[in-house]
Amino acid sequence: MSLKAGIIGLPNVGKSTLFNAITKKHILAANYPFATIEPNVGVVTVPDSRLEFLENLYVPKNTVPTSFEFTDIAGLVKGASQGEGLGNKFLSHIREVDAIVEVVRCFQDENIIHVAGGVDPIRDIEIINVELILADLEIILNRISKIEKKATTTKDKESLLELGALQKCQKSLEQNIPIRLIKDLTEDEQLAIKSFNFITAKPIIYVANVNEEAAVIGENEYVSKVKSYASNENSSVIVMCAKMESELAELEESEKKNFLKELGINYSGLDKLIFATYDLLGLETFFTVGKDECRAWTFKKGMVAKKCAGLIHSDIERGFIKAEIMKYSDLEELKDDKKVQEAGKLYLEGKDYVMQDGDIVYFRFNV
């Protein structure tokens, strides 16, 4: 399942440094605008203690965690919607992602240039918001001009539905409200405009990039402003120090855990971001287990068993018979799949069973 989150922000806010930490790739993280010209794509594994438990229980030949993609996109500047900087390239790249991670600078450092002249996270967020809104608005106005006459004269239902949805979006954007915050778009209207891939319709997480001291405390005056702003649109804020996360990424896992423990931190900012983005994308995990392999599989919330079988192989979906399901909590408690079965907690489910996060599955199929 190929889903990806795009990391965006003004130049020099720490996007590429964060991306280095996420993927442990050493891309160019230079102290000048547009150091990142083409989007850098990296696959990140999702930390999951459940998979560690299953690995220890089954001792398989191979263990495969679940993963998704992060894309580092070139820094945005004011006027991008009119082609300033790398505007058009930036906007086309961001349309291709499923969710947005917006990095906001929340620290002072005279040695790092700020493209807007000083640290002001709310100003930075609003610069980006305006550019994204203008980009979506341009598409909407162009489309309305093409279909409005046809829709009103022919009374074609599909055209009228699309026109109504676009007009709602236009009204919202002209009031500086992103499409994702429109409350009265029906499911049919959302479907009618889905193909436009509007940027402001994508879910968003804000990353408050702080210095090392604020990362431990988890707060400073800039972070407070970002949290207040995000709460007004029901968005999450992850506080982290991209520089520290990049350094942590170089450590062995045991060293990393010990370092965080000394700081009194349970999870790194990067881990919190991965969890939050995974949730924002509407993703959950099921497991397949055995002596050959223990593997975590990513699926979209609400997917049924037959569709999840297809994530493993199309033949399994095509020949689907039943899904044998164990709950992770039952296996964790009993520590033996035979005991789970003896306790009557091994369930046979059909093709329409809605998969749950943490399900341990064996698919029966015949091709």
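Just so it is clear, the model here is predicted, and its values are computed rather than measured.

Asks: Explanation requested: the overall build of the chain in the structure shown.
Replies: A tally of helices and strands in the chain yields 15 helices and 12 strands. For the chain, buried positions account for 48% of its 367 residues. Long-range contacts, defined here as pairs at least 24 residues apart, represent 70% of the contacts in the chain between residues at least 6 apart. Total accessible area computed for the chain in this model is approximately 18,500 Å², and 48% of it derives from carbon and sulfur atoms.

Asks: Can you walk me through the pattern of salt bridges in this structure?
Replies: Close approach of charged atoms lets side chains of opposite charge pair. This structure, assessed with the given rule, holds 18 salt bridges. For Asp48, the salt bridge identified is with Arg50, shortest N-O distance 2.9 Å. A relative accessible area of 15% means that Asp48 is categorised as buried. Each of Asp48, Arg50 and Asp357 takes part in one network of salt bridges that share partners.

Asks: Hey, could you run me through empty space enclosed by the protein in this one?
Replies: Using a probe with the size of a water molecule, rolled over the atoms, empty space left in the structure can be pinpointed. Counted by the stated rule, this structure contains 1 cavity of 30 Å³ or more. Taken as a whole, the largest cavity holds about 70 Å³ of empty space. Every residue along the wall of the largest cavity is listed here: Ile100, Glu102, Asn129, Leu132, Ile133, Pro178, Arg180, Ile199, Thr200 and Ile204. If you list the elements that add at least two residues to the lining of the largest cavity, you get strand 5 (99–105) and helix 4 (121–154). Top element by residues in the lining of the largest cavity is helix 4. It accounts for 3 residues.

Asks: Help me understand helix 1 (residues 15–23) in this model?
Replies: Note that an α-helix has 3.6 residues per turn; residues three or four places apart therefore point the same way. In terms of residue burial, helix 1 counts as a mostly covered element, since 8 of its 9 residues are buried. Of the residues making up helix 1, those classed as buried are Lys15, Ser16, Leu18, Phe19, Asn20, Ala21, Ile22 and Thr23.

Asks: Honestly, the pairing of strand 8 (residues 283–288) in this entry has me stumped. Any pointers?
Replies: Strand residues, when the strand is regular, have side chains that alternate between the two faces of the sheet. With 6 of its 6 residues buried, strand 8 lies for the most part within the structure. Alternating residues of strand 8 divide into Leu283, Thr285 and Phe287 and Glu284, Phe286 and Thr288, and every residue in both groups is buried. Where strand 8 lies against strand 9 (residues 293–300), 6 bridges are found, and the strand directions are antiparallel. Each residue of the ladder has a partner; that of Phe286, found in strand 9, is Trp297.

Asks: Could you clarify how one ought to interpret the environment of Thr298 in this entry?
Replies: Position of Thr298 among the secondary structure elements: in strand 9. Looking at Thr298, its side chain comes within polar contact range of the side chain of Tyr278, at 3.4 Å.

Asks: Explanation requested: the confidence of the model for the chain in the structure shown.
Replies: Detailed reading of the predicted coordinates is not advisable wherever pLDDT falls low. In this model, the chain carries an average pLDDT of 86, and 89% of its residues clear a pLDDT of 70 or more. Strand 10 (residues 320–327) holds the highest mean pLDDT among the elements of the chain, 97, whereas helix 3 (residues 87–95) holds the lowest, 66. Segment residues 25–37: pLDDT under 50, and 37 contacts once partners within four positions in sequence are set aside and those in other chains are kept. Confidence drops under a pLDDT of 50 for residues 83–87, and excluding neighbours within four residues, the segment shows 11 contacts in the predicted structure.

Asks: Would you mind showing me how to read a nonpolar patch on the surface here?
Replies: On the surface, Val216, Ile217, Leu251, Phe259 and Leu263 cluster together into a nonpolar patch covering about 380 Å² of accessible area. For the nonpolar patch, the secondary-structure elements that each account for two or more residues are helix 7 (212–217) and helix 10 (253–263). Tracing the backbone through its elements, the reader meets Val216 in helix 7.

Criteria and cut-off values
- Residues numbered from 1 in each chain as written.
- Predicted model: local features only at pLDDT ≥ 70, side-chain atom pairs only at ≥ 80, totals over all residues.
- Heavy atoms only, no water.
- Helix = DSSP H or I, 4+ residues; strand = E, 2+ residues; numbered from the N terminus.
- Buried < 20%, exposed > 50% of the residue type's maximum accessible area, 1.4 Å probe, protein only.
- Contact = heavy atoms within 4.5 Å.
- Areas by Shrake-Rupley, 256 points an atom, 1.4 Å probe, with all protein chains shown as cover.
- Salt bridge = Lys/Arg side-chain N within 4 Å of Asp/Glu carboxyl O.
- 1 Å grid on protein atoms, 1.4 Å probe; cavity = no way out; pocket = protein on both sides within 12 Å on 5 of 7 lines; lining within 4 Å.
- Points joined across faces, edges and corners; volume = space filled by probe spheres on them.
- Pairing = 2+ DSSP bridges.
- Polar contact = N/O pair within 3.5 Å; in protein donor to acceptor, adjacent residues only side chain to side chain.
- pLDDT = per-residue confidence, 0-100.
- Patch = residues over 30% accessible without salt bridge, like charges linked within 9 Å, V, L, I, M, F, W, Y side chains within 5 Å.

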